[in-house]
Amino acid sequence: MGAEADDQVQERLVKQGAEGKLYIGTYKGTRCLVKERFEKKYRHPALDRQLTRQRIKAEQKAFQRCAGAGVVTPALLAVDLDGRKIYMEYLEKAITAKEFIDKMMDTDKTAAEDSPELKELAAQIGQMVGVLHRNNIVHGDLTTSNILLDPVEGSSSALPYRLVTIDFGLSHFSDNTENKGVDLYVLERAILSTHSQLPSLFGMILESYRAHNTNRRDETIAKYEEVRARGRKRTMVG
């Protein structure tokens with residue numbers, strides 16, 4: 001899946017992190033989102049190219065596996081291994097789940113936790129993670145910032161959005177229950193950190209997860225609880 005060399009104009013930087021940058025560019029004349037991985041100057045150039053290619057290919061496979069599993073992601077448009085870039089669909093109207101929750105909290109903190117919108121969002125997040133794990137896809141960085149809500153016109157649902165999962169840079173294919181348990185723990189820690197005023201949110205997500213992961217679910221949750229206990233012990237010990 002090659003990319004055309006028409007992405008030279010970087011319209012707007014969306015995000016920049018330690019591994020790369022995300023910006024709005026173009027692919028075959030259409031606006032899209034471009035993820036570009038930096039060259040790491042501290043690594044040998046040949047090793048850096050090899051590792052970058054491996055990670056881009058792994059991310060590409062994650063998109064393909066999600067499509068097969070029925071998990072919605074932005075459409076993958078192209079991959080440019082030499083240019084270190086992934087081109088994907090730009091969902092202009094989408095907001096992150098974090099932004100959605102923050103707006104709810106700003107509107108009415110007391111009603112947010114019991115709102116139909118939050119309960120439906122939790123159910124959909126739990127379903128998404130359950131389906132990923134059922135298909136042995138470990139996301140690696142589950143946070144409410146890596147979940148988009150894309151508006152659905154004419155929806156009668158309590159949550160008039162479709163859930164779109166993004167950022168598979170740390171994802172991998174694994175049937176290891178500890179890896180999946182760590183995935184759940186990362187999500188819990190992210191929610192407790194980012195949405196501390198909603199203590200029941202992760203519990204609602206986990207309830208939905210139980211209903212949708214039929215692949216060694218109980219073992220995975222037991223591993224999550226082990227990882228969680230280890231995390232608490234480290235926090236107490238310092």
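Refer to the preceding data block for the structure.
These remarks concern the structure in this document.

How each quantity is defined
Residues numbered from 1 in each chain as written. Predicted model: local features only at pLDDT ≥ 70, side-chain atom pairs only at ≥ 80, totals over all residues. Heavy atoms only, no water. Helix = DSSP H or I, 4+ residues; strand = E, 2+ residues; numbered from the N terminus. Buried < 20%, exposed > 50% of the residue type's maximum accessible area, 1.4 Å probe, protein only. Pairing = 2+ DSSP bridges. Salt bridge = Lys/Arg side-chain N within 4 Å of Asp/Glu carboxyl O. Contact = heavy atoms within 4.5 Å. Polar contact = N/O pair within 3.5 Å; in protein donor to acceptor, adjacent residues only side chain to side chain. 1 Å grid on protein atoms, 1.4 Å probe; cavity = no way out; pocket = protein on both sides within 12 Å on 5 of 7 lines; lining within 4 Å. Points joined across faces, edges and corners; volume = space filled by probe spheres on them. Nonpolar A, V, L, I, M, F, W, Y, C, P; charged D, E, K, R; others polar.

**Points about unusual backbone geometry**
Step number 1: In this structure, Asn136 takes a positive phi of about 60° despite not being glycine.
Step number 2: In this fold, Asn136 is placed in the loop between helix 4 (116-134) and strand 7 (137-138).
Step number 3: Classification of Asn136 by relative accessible area gives buried; the value is 16%.
Step number 4: Of note, the phi angle at Arg216 is positive, near 55°, even though the residue is not glycine.

**Quick look at the pairing of strand 1 (residues 12-16)**
Step number 1: Strand direction decides the pairing type here: strand 1 and strand 2 (residues 20-27), joined by 4 bridges, are antiparallel. The partner of Lys15 across the bridge, within strand 2, is Leu22.

**Points about the pattern of salt bridges**
Step number 1: Enumeration according to the criterion identifies 19 salt bridges in this entry.
Step number 2: Between Lys35 and Glu59 there is a salt bridge, with the nearest N and O atoms lying 2.9 Å from each other. Taken together, the residues span a long stretch of sequence, with Lys35 in strand 3 (residues 30-37) and Glu59 in helix 1 (residues 45-69) at a distance of 24 residues. Comparing Lys35 with Glu59 shows no difference in burial state: the two are buried.
Step number 3: Each member of the salt-bridge network shares a partner with another, and the members are Glu19, Lys35, Arg37, Lys40, Arg55, Glu59 and Asp167.

**Some words on the environment of Asn215**
Step number 1: Mapped onto the elements of the fold, Asn215 is located in the loop between helix 6 (201-212) and helix 7 (217-237).
Step number 2: Between the alpha carbons of Asn215 and Val164 there is a distance of 22 Å; along the sequence they are 51 residues apart.
Step number 3: Ignoring anything within four residues of it in the chain, the contact list for Asn215 reads His133, Arg134, Asn136, Lys180 and Thr220.
Step number 4: Within polar-contact distance, the side chain of Asn215 engages the side chain of Asn136 at 2.9 Å.

**Some remarks on empty space enclosed by the protein**
Step number 1: Applying the stated criterion to the full structure yields 1 cavity of 30 Å³ or more.
Step number 2: When its volume is computed, the largest cavity comes out at roughly 30 Å³.
Step number 3: In terms of lining residues, the largest cavity is bounded by Glu19, Arg37, Phe38, Lys40, Arg43, Thr52 and Arg55.
Step number 4: Its residues placed into classes, the lining of the largest cavity shows 1 nonpolar, 1 polar and 5 charged.

Remember, this is a structural readout, not a statement about activity or role.
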